[in-house]
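Notes for the structure review
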Amino acid sequence: MEDPAQLKEQIESETINSRLEPQKAGFKRPSKIRVAKVILKLLPIVINLRQDRRKWVKHEGKNIDEWRFKKHAKKALKVFIELGPSYIKLGQWLSSRADLLPLPYLEELAKLQDKVPPAEFSKVKPIIESELGKLENIFESFNTSALLGASLGQVYLAKYNNMDVIIKISRPNIEEVIENDIFILKKILPLATRFIDPNLAFSAEGMLSQFIETVYEEMDYRIEADNLVTIKRNLAGDNSVIIPSVIQDRTSKHVLTMEYIPGIKITDIATLDAMGIDRSMLVMRVHRLFFKMLLRHNIFHADPHPGNISVADNGSIILYDFGMVGRLDNKTRLRLIRLYLGLIDKDPPRTVNILMELGTLEPTVNRYVVEKAIELSIQSLYGKEVDKLEVKALTDLANKTMSRFPFRLPKNLALYMRMTSIIEGIYLHHKVKFQFVKVLAKILEGEGLLREAYIEEARTSILRLGKNIESALNVAPLLQSYLDTQLYDTNNKNKRDKGNTLIAGIILATGLFIGSAIALPHDSNIAYAGFIGSIVVAAAVTIGRKFW
């Protein structure tokens, strides 16, 4: 392989150019017949999903026709497989989005992670030989029966330098197929989003945008090799994880060769128990590993489905498939750390503030409802039983006060949400005792992130306070200027004095109100007392003005 830094720049340039100028890259639009066929196949799925999701939300997943839900989900699975690689990949993305799909759909689409029919070897052999040379000259032996079929490629076992290696080869004509499918998906999305809630539409649009970016990267195995090398370097000091090495001189754009490291599948409970693996500790180590990548480093593995995680005989975690990775800028990373710190500190108001900073809540959301929901979630996270009557009262209030679902998912958090939801699925599969918030606290402390989080929280609070004070200082002169204009009378000193009294009162009321707003997230009692005080002062000023 070439120098990784130069290669990365070259790949990014090629990818951007191909996206911006598809016609120059040889892109041929799919026929209208193909578009019509796809729409006709997807339309019943969209209609069923819309109806099923409404029922699921209305009944909170209880007392529903489970057989009917599974029937519709199986039909969706079949259609995604029939439509090809892009839709298989899209189904994989959707299988981790509990905010968009009911549980029966998530369970059924999760089958796309491991069981995708591979293409015939005779169709993929020309790909490897065109980029690396004759098969018999580059590998000592090559098993032509695919170990695994994936949405964009398929995996084979071979020998290189007396070592077992895994060969990942792209599906035939994958770029052309993906370009056609993405073109159709972009046409369908605006139509589909008309039938769903605006916030869900926002999340769906962000997901598709992130999906398109990611799938372009996944088609170039040089990028995956670079991702693997970077993450392996970041985790070099962690003995609890094993990452295969890349065979660089047997890797190209459509062929990836890696060291073969077999292990026990992370969801194979019977074998793990037979090997004496402590599954509670295993689940905790999986969470620690992935949240360490997320919160400590600038790149994380974003596709931790069971096919991509195995367990070694000594309990170490083996990671595969680095085609889908997430990257967070430092500001977002710090906000996520602060978000988790808010949960650890049991501070719902602060948590809501950070959710708004992340763009996951509408600014006009009913804060009381969201804060109460987070408070109940925190109780659950800490293992406390939640009062069912309190939950019902909150649900009723939410239904009355929220005309739209308040949560939404920005594009830059789509891969983060995917990773965390799949990791949660591993925990649920093992059914072990596990308190996420305690594990999270240990991660933040162990990685030295608590100090960083508190410093950032203090800095953010000071900046917020400074902005509020600045706003207050800006308002006061404006009020005084306006009232001076209204009340100033050079011939009537007494009137001017009374006007100045009014100005002072209004400025005092304004100061009390703004100060109370600043204090509200931190001490509600002081804040409400301040609000009442501002109302009393404002009322006194109004009465005084009429009297004068």
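Residues numbered from 1 in each chain as written. Predicted model: local features only at pLDDT ≥ 70, side-chain atom pairs only at ≥ 80, totals over all residues. Heavy atoms only, no water.

1. Structural notes on the overall build of the protein
Each helix and strand counted, the protein has 21 helices and ten strands in total. Contacts in the protein between residues at least 24 apart in sequence constitute 69% of all its contacts with a sequence separation of at least 6. Looking at the protein as shown, the accessible area adds up to about 28300 Å², and 56% of this sits on carbon and sulfur atoms. (Helix = DSSP H or I, 4+ residues; strand = E, 2+ residues; numbered from the N terminus. Contact = heavy atoms within 4.5 Å. Areas by Shrake-Rupley, 256 points an atom, 1.4 Å probe, with all protein chains shown as cover.)

2. Considerations on the packing of aromatic side chains
If you walk through the whole model with that rule in mind, you get nine aromatic pairs. Centre to centre, the rings of Phe121 and Phe142 are 5.5 Å apart; their planes meet at 40 degrees, and the pair counts as tilted. With a gap of 21 residues between them, Phe121 in helix α6 (residues 121-132) and Phe142 in strand β1 (residues 141-149) connect regions that are remote in the sequence. Across the pair, exposure class does not vary: Phe121 and Phe142 are buried alike. Pairing Phe291 with Tyr340 gives two aromatic rings, centres 5.7 Å apart and planes at 75 degrees, and the pair type is edge-to-face. Here Phe291, found in helix α12 (residues 279-296), pairs with Tyr340, found in helix α13 (residues 330-344); they are 49 residues apart in sequence, far enough to count as distant. (Phe/Tyr/Trp six-rings, centres within 6.5 Å; stacked < 30°, edge-to-face > 60°. Buried < 20%, exposed > 50% of the residue type's maximum accessible area, 1.4 Å probe, protein only.)

3. Examining the packing of helix α14 (residues 348-358) against helix α15 (residues 367-381)
Two elements in contact, α14 and α15, have axes separated by 9 Å at closest approach and are oriented at 115 degrees. Here α14 runs over α15; the crossing is right-handed. For the pair formed by α14 and α15, the contact residues are Pro348, Pro349, Thr351, Val352, Asn353, Leu355 and Met356 on the first element and Arg367, Val370, Glu371, Ile374, Glu375 and Ile378 on the second. Looking at the contact of α14 with α15 residue by residue, the class counts come to eight nonpolar, two polar and three charged. (Axes fitted to C-alpha atoms, helices over the stretch in contact; angles between N-to-C directions. Left-handed = near helix turned anticlockwise from the far one by under 90°. Nonpolar A, V, L, I, M, F, W, Y, C, P; charged D, E, K, R; others polar.)

4. Some words on the pattern of salt bridges
The tally for this structure, following the rule as stated, stands at 19 salt bridges. Ionic pairing is found between Lys168 and Glu224, a salt bridge with its closest N-O pair at 3.0 Å. Taken together, the positions of Lys168 in strand β3 (residues 163-170) and Glu224 in helix α10 (residues 221-234) put the pair 56 residues apart, joining distant regions of the chain. Glu224 carries the same exposure label as Lys168, and that label is buried. Its salt-bridge partner being Asp220, residue Arg222 comes within 2.8 Å of it at the nearest N-O pair. Salt bridges sharing common partners tie together Lys168, Glu224 and Asp321. (Salt bridge = Lys/Arg side-chain N within 4 Å of Asp/Glu carboxyl O.)

5. A word on a nonpolar patch on the surface
Judged by side-chain polarity, Ile39, Leu43 and Ile47 come together as a nonpolar surface patch covering roughly 230 Å² of accessible area. For Ile47, the location among the structural elements is in helix α2 (residues 32-58). (Patch = residues over 30% accessible without salt bridge, like charges linked within 9 Å, V, L, I, M, F, W, Y side chains within 5 Å.)

6. Side note on the nonpolar core
Of all hydrophobic cores here, the largest spans 108 residues; its most connected members are Phe290, Leu294, Leu295, Phe300, Leu319 and Tyr340. Setting aside anything within four residues of it in sequence, one finds Leu319 in contact with Val241, Ile242, Ile243, Pro244, Leu289, Phe290, Met293, Asn308 and Ile309. Core analysis: the second largest hydrophobic core is formed by 16 residues, Ile138, Tyr156, Ile167 and Ile169 among them. (Core = buried A, V, L, I, M, F, W, Y, C linked by side-chain atoms within 4.5 Å.)

7. Details of the sheet that holds strand β9 (residues 317-319)
Backbone hydrogen bonds are what pair the strands of a sheet, in a parallel or an antiparallel way. In spatial order, the strands read β4-β9-β8-β6; together these four strands make up an open sheet with mixed pairing. Of all strands in the sheet, those with a lone pairing partner are β4 (241-242) and β6 (264-265), marking the two edges. Note: β6 against strand β8 (residues 309-311), two bridges, orientation antiparallel. Across the sheet, residue Lys265 finds its bridge partner in β8, namely Ser310. Contacts between α12 and the sheet are confined to β4, β8 and β9, with β9 contributing the most and set at about 45 degrees to the helix. (Pairing = 2+ DSSP bridges.)

8. Quick look at the sheet that holds β1
Within the open sheet, the four strands sit side by side as β1-β2-β3-β5. Their pairing is antiparallel. Pairing within the sheet leaves two strands with one partner each, and these edge strands are β1 and β5 (255-259). Across the sheet, the axes of successive neighbouring strands diverge by a mean angle of 25 degrees, strand direction being ignored. Across five bridges, β1 lies against strand β2 (residues 153-160) in antiparallel orientation. Looking across to β2, one finds that Phe142 is bridged to Ala158.

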